[in-house]
Amino acid sequence: MSITAVQGEDGFADDQHYVNVLVGSRAASLGGAYTALADDPSGCYYNPAGIALAPYQSFSASMNVFQRSLKTYEHALADTEGNLHDWEQESSTLLPNFFGVIKNFGKGVLGISYAVPDAINRRQRQSFRNIQSNIAGNPVENFTIDINDSDRTFLFGPSYAVRLSDNLSLGGTLYVYYRDREVVRNQLLQFEQGQHYWINYYETRQDWGLRPILGLIWEPHQKLALGLTAAKTFVTSGKLKQQTTFRDSSADSPYIIDGISYDFSDTDTLYFDSTTTHPSDDQPLSLTLGASYFVSPRLLATMDLSFHQAEDQKEATWNLAAGAEYYLTESIALRLGLYSDRANTPELSSNATNQAEHVDIYGASFGVAVFSQQSSLSLGFGYARGEGEAQIVSDSLTIQDVTIEDLTIYLAAGYSF
Amino acid sequence: MCQGNKPVSALVVMVMVIGLAARADCGRQRINVIAKEQEAPADWQTEAWFGRKLAARILGSIPLCDCPAANRYLNLVGSGLALYAPAPGAVFTFGILDSEKVNAYATPGGYIFVTKGAILRMRNEAELAAVLGHEIAHVSCHHMVKSLGLNRHQDSAVGGMAVLVGGTTGSFRQAISQGLEKGLEILFDTGYSRKQELEADRIGMQLAVTAGYRKDGLVNFLKRIHGFEASAAEDDRSHPTWKVRLQQLEASMDGLHQDPGPGQTREERFNEAFAQLFDSDIGDEHNRSSR
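Since the model is a prediction, treat every value here as computed from it, not as a measurement.

A few words now on the overall build of chain A. Regarding its fold elements, chain A presents two helices and 18 strands. The 417 residues of chain A split such that 51% are buried. Sequence-distant contacts in chain A: of pairs separated by 6 or more residues, those separated by 24 or more amount to 67%. Carbon and sulfur atoms provide 57% of the accessible area of chain A, an area that totals close to 17,900 Å².

Moving on to the overall build of chain B. The helix and strand tally for chain B stands at 16 helices and three strands. Taking all contacts inside chain B whose residues are at least 6 apart in sequence as the whole, residues at least 24 apart take part in 73%. About 12,600 Å² of surface is accessible on chain B, with carbon and sulfur atoms providing 51% of the total.

With that out of the way, let us pick up the state of the cysteines. All names here are of chain B. By the definition in use, this model includes one disulfide over all chains. Paired by a disulfide, C65 and C67 hold their sulfur atoms 2.2 Å apart. For C65, a relative accessible area of 7% gives the class buried. Given the relative accessible area of 1%, C67 is considered buried.

All names here are of chain A. By the bridge criterion, 16 bridges tie strand β1 (residues 58–78) to strand β18 (residues 400–416) in an arrangement that is antiparallel. What sits directly across from S62, in β18, is A412. Here 16 bridges tie β1 to strand β2 (residues 84–105), and the two strands are oriented antiparallel to one another. Note on β2: the bridge partner recorded for S62 is F98. Hairpin remark: β1 followed by β2, antiparallel, with five residues in the connecting loop; positive phi at G82, about 90°.

To continue, consider a nonpolar patch on the surface. Residue and element names in this part refer to chain A. Where nonpolar side chains cluster on the molecular surface, the patch consists of V65, F66, L336, F366, L377, L379, F381, Y383, L407 and L411 and spans about 820 Å² of accessible area. Among the secondary structure elements, those contributing two or more residues to the nonpolar patch are β1, β17 (375–390) and β18. At four residues, β17 tops the list of elements feeding residues into the nonpolar patch. Taking relative accessible area as the criterion, L407 reaches 38% and is therefore assigned partly exposed.

Residues and elements named next belong to chain B. Here chain B averages 76 in pLDDT, while 70% of its residues score no lower than 70. Within chain B, strand β3 (residues 111–115) carries the highest mean pLDDT (96), whereas helix α1 (residues 10–18) carries the lowest (34). Predicted confidence for residues 153–159 stays below pLDDT 50, and this span has 22 contacts to residues more than four positions away or in other chains. Note that pLDDT drops below 50 for residues 230–238; the model gives that stretch 18 contacts with residues more than four away or on any other chain.

Residue and element names in this part refer to chain B. Where helix α4 (residues 68–82) meets helix α6 (residues 125–140), the closest approach of the two axes is 10 Å, and the angle between their N-to-C directions is 60°. Taken together, α4 and α6 sit at an angle that is classed as oblique. Two packed elements cross with a definite hand, and for α4 against α6 that hand is right-handed. From α4, Y73, L74, V77, G78, L81 and A82 reach across to α6, where they touch E125, L128, A129, L132, G133 and I136. Looking at the contact of α4 with α6 residue by residue, the class counts come to nine nonpolar, two polar and one charged.

Further remarks concern the pattern of salt bridges. Applying the stated criterion across every chain yields a total of 23 salt bridges over all chains. A salt bridge links R179(A) to D151(A), with the nearest nitrogen and oxygen atoms 2.7 Å apart. Within this pair, whereas R179(A) is found in strand β5 (residues 168–191), its partner D151(A) is found in strand β4 (residues 140–165), the two being separated by 28 residues in sequence. Under the relative-accessibility criterion, D151(A) is labelled buried at 2%. Here E125(B) makes a salt bridge to R269(B), at a shortest N to O gap of 2.5 Å. With a gap of 144 residues between them, E125(B) in helix α6 and R269(B) in helix α14 (residues 267–273) connect regions that are remote in the sequence. Exposure remark for E125(B): the relative accessible area of 0% places this residue in the buried category.

This brings us to the environment of G363(A). All names here are of chain A. Summarising the element assignment, G363 is placed in strand β16 (residues 358–371). Assessed through its relative accessible area of 8%, G363 is described here as buried. Residues G363 and G382, spaced 19 residues apart in sequence, show a C-alpha to C-alpha distance of 7.1 Å. Not counting chain neighbours up to four residues away, the residues in contact with G363 comprise G337, L338, Y339, Y383 and A384.

Residues and elements named next belong to chain B. At their nearest, the axes of helix α10 (residues 194–210) and helix α13 (residues 242–254) sit 10 Å apart, and the two run at 40° to each other. In this structure, α10 crosses over α13, and the sense of that crossing is right-handed. Across from R194, L198, D201, R202 and M205 in α10, the residues of α13 making contact are V244, R245, Q248, L249, S252 and M253. Grouping the amino acids of the contact of α10 with α13 by side-chain chemistry returns five nonpolar, two polar and four charged.

Aromatic rings considered in pairs are described by the distance between their centres and by the relative angle of their planes. Residues and elements named next belong to chain A. Enumeration according to the criterion identifies 21 aromatic pairs over all chains in this entry. The interplanar angle of 35° and the centroid separation of 4.4 Å between the aromatic rings of Y178 and W208 together place this pair among those described as tilted. Taken as a pair, Y178 in strand β5 and W208 in strand β6 (residues 196–221) lie far apart in primary sequence, 30 residues in all. Owing to a relative accessible area of 42%, W208 belongs among the partly exposed residues under this scheme. These aromatic residues form a ring-pair network of at least three members: Y197, F246, Y255, Y262, F264 and Y271. Positioned above the aromatic ring of W318, the side-chain terminus of R342 is 4.3 Å from the ring centre.

A few words on the sheet that holds strand β1 (residues 93–97) of chain B. All names here are of chain B. In spatial order, the strands read β1-β3-β2; together these three strands make up an open sheet with mixed pairing. At either margin of the open sheet sits one strand with a lone partner, and together these are β1 and β2 (104–107). Taken over all neighbouring pairs, the strand axes of this sheet differ in orientation by 20° on average, direction set aside. Strand direction decides the pairing type here: β2 and β3, joined by four bridges, are antiparallel. Looking at the pairing, A106 lines up with I112 of β3. Along the sheet, helix α3 (residues 44–61) makes contact with β1, β2 and β3, crossing β3 at roughly 25°. Contacting β1 and β3, α4 runs over the sheet at an angle of about 140° to β1.

Residue and element names in this part refer to chain A. Looking at chain direction, strand β3 (residues 108–131) and β4 are connected through 20 bridges and run antiparallel. Among the inter-strand pairings, R122 is bridged to a residue of β4, identified as D149. Bridging between β4 and β5 involves 22 bridges; their strand directions are antiparallel. Bridge pairing in β5 links V162 to L170. Connecting β4 to the antiparallel partner β5 that follows it, the hairpin turn spans two residues.

Criteria and cut-off values
Residues numbered from 1 in each chain as written. Chains lettered and ligands numbered in written order. Predicted model: local features only at pLDDT ≥ 70, side-chain atom pairs only at ≥ 80, totals over all residues. Heavy atoms only, no water. Helix = DSSP H or I, 4+ residues; strand = E, 2+ residues; numbered from the N terminus. Buried < 20%, exposed > 50% of the residue type's maximum accessible area, 1.4 Å probe, protein only. Contact = heavy atoms within 4.5 Å. Areas by Shrake-Rupley, 256 points an atom, 1.4 Å probe, with all protein chains shown as cover. Disulfide = S-S within 2.5 Å. Pairing = 2+ DSSP bridges. Patch = residues over 30% accessible without salt bridge, like charges linked within 9 Å, V, L, I, M, F, W, Y side chains within 5 Å. Salt bridge = Lys/Arg side-chain N within 4 Å of Asp/Glu carboxyl O. pLDDT = per-residue confidence, 0-100. Axes fitted to C-alpha atoms, helices over the stretch in contact; angles between N-to-C directions. Parallel < 35°, antiparallel > 145°, perpendicular 65-115°, else oblique. Left-handed = near helix turned anticlockwise from the far one by under 90°. Nonpolar A, V, L, I, M, F, W, Y, C, P; charged D, E, K, R; others polar. Phe/Tyr/Trp six-rings, centres within 6.5 Å; stacked < 30°, edge-to-face > 60°. Lys NZ or Arg CZ within 6 Å of the ring centre and 35° of its normal.

Now the structure itself:
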């Protein structure tokens, strides 16, 4: 009998939030409030209608040169002396998260872009001594856990936008969606009386699909722009491979799994299972309404309100982002953003087990951009924090407090031609 | 062009003088973009350098008319209009091209040509002033420079004016050659954008009116061209359709205040100055068909 067990697949990837990576330099510094702006290559991702309003043909690229996320499940484990221990998972990535180019084409503007809106590289390597177990008088002398998850979503595809009139533009992006996930988890529990529980879980998943984005920007006044986008990911093919290996010599009686008895008192007995399935879970429809107010050629304020529909096990949720940009000089701009990243899971109930964690995250971003005649260079910082609840122990009513802290430094370059 | 924080900018002055309506996306333009677009056009000397080379290419294919008196008169009328042009750094030079085709061309810096065929279809100085005003507007608004992407990014390896002027390498010569070829393509084949043409019509008419000419000069000329030279006009791809131009011009004319009086046509002076052209063989032929 173990004190913990492998969680369901939703516990590994951050499917519970929609703002995992802020894409694009200017947009990221503005907290992602970019639906009514979108007038550079990252508009392909935020609102394709915006690329029709770009002052120049250009390309831009951005990357997270440093991203570290720390998730702490507080007081997850108790030792035999009553001390409580936290469960800490760390994620760090270094990746290019956006590349895009926009060019006049026909009566409109054509864009090609690549974006990585979700990337996790989670690690947990912890060992605990003398942990309480639910076997009386037989605590866990040594508990070692090793988690190694990676989960990345890639988008690549064309965009096209036209100006329907002086103050109305329309655009669309058709992204090819590819998600690549790998989960590796090892747990070893060595009991004081000599038994052990060991489990290795390995999972890979690849999803292919399409993510169309439709966008509109309306400028009812020269100082005001309103933007609207609709986006949804349709998974056309998915492949999920799951492999589990374990043995539990602490079990009082044989395990019966799929009608087969596994008596782990026999040292030669090992449970092994491997399955391949083809899930195709579409992502919820997301609608975003944005507004930007151009106070002066130096100052603007922008805001986005996004709504994500409920789908399958995900609840409907909404997010808010706001940002401001101020040009200190003609060649230096400062940007500030605030945003929410609310969970799409329900709040935890005290009388249920195996519930998905629920953490609402709130973040701030800050960036500096320096412009020359043709190029721009941006440096940005992002910090996000969230507090919520989780149940990391299988089949247990115990609820842990969870804290997420996320620090990002990103670098971006742009070139107009 | 949006109104920025630098009202002294020539371009902004032009906008204010001409009274163009601000574009809906003016507010969207950030100061870094506004600054870029305001900086480069001030380099009239460099534009003239490029324009002179382009003018030489034009004259390589179409010679100047051997009509000194007519050319003198053309420069007199053109220089009078140029006084009101929002292009303080440009030095305007005008010439008559020895061609039967009906057209006029402008190159950066202020080199402006009108074909003999076009002059033969004009009836008075107001119409000539309107056509010259249109070409002056192309120069003043840097339409060629903007179309070629030379108005900004002067540090560009292939696109910036400064590099075109300062370079000495093979890539420099290639860049010049490409720029000139593209310029000729705009003048003789693809034309300016519809927006640029309509802008030139509007500003050209304003210049003619400011100089004291009747405001309907360009409208009358275009109507005549459309009526008598329909086939030639349809072949000329450098302008938007006549119908659109006329509609826009007539709309602009309605809102244009002419003071004092109805404006001048100076028909007598016009006929006297161009008598040599009208009496030539080609002129006679066209006189018979259109005058």
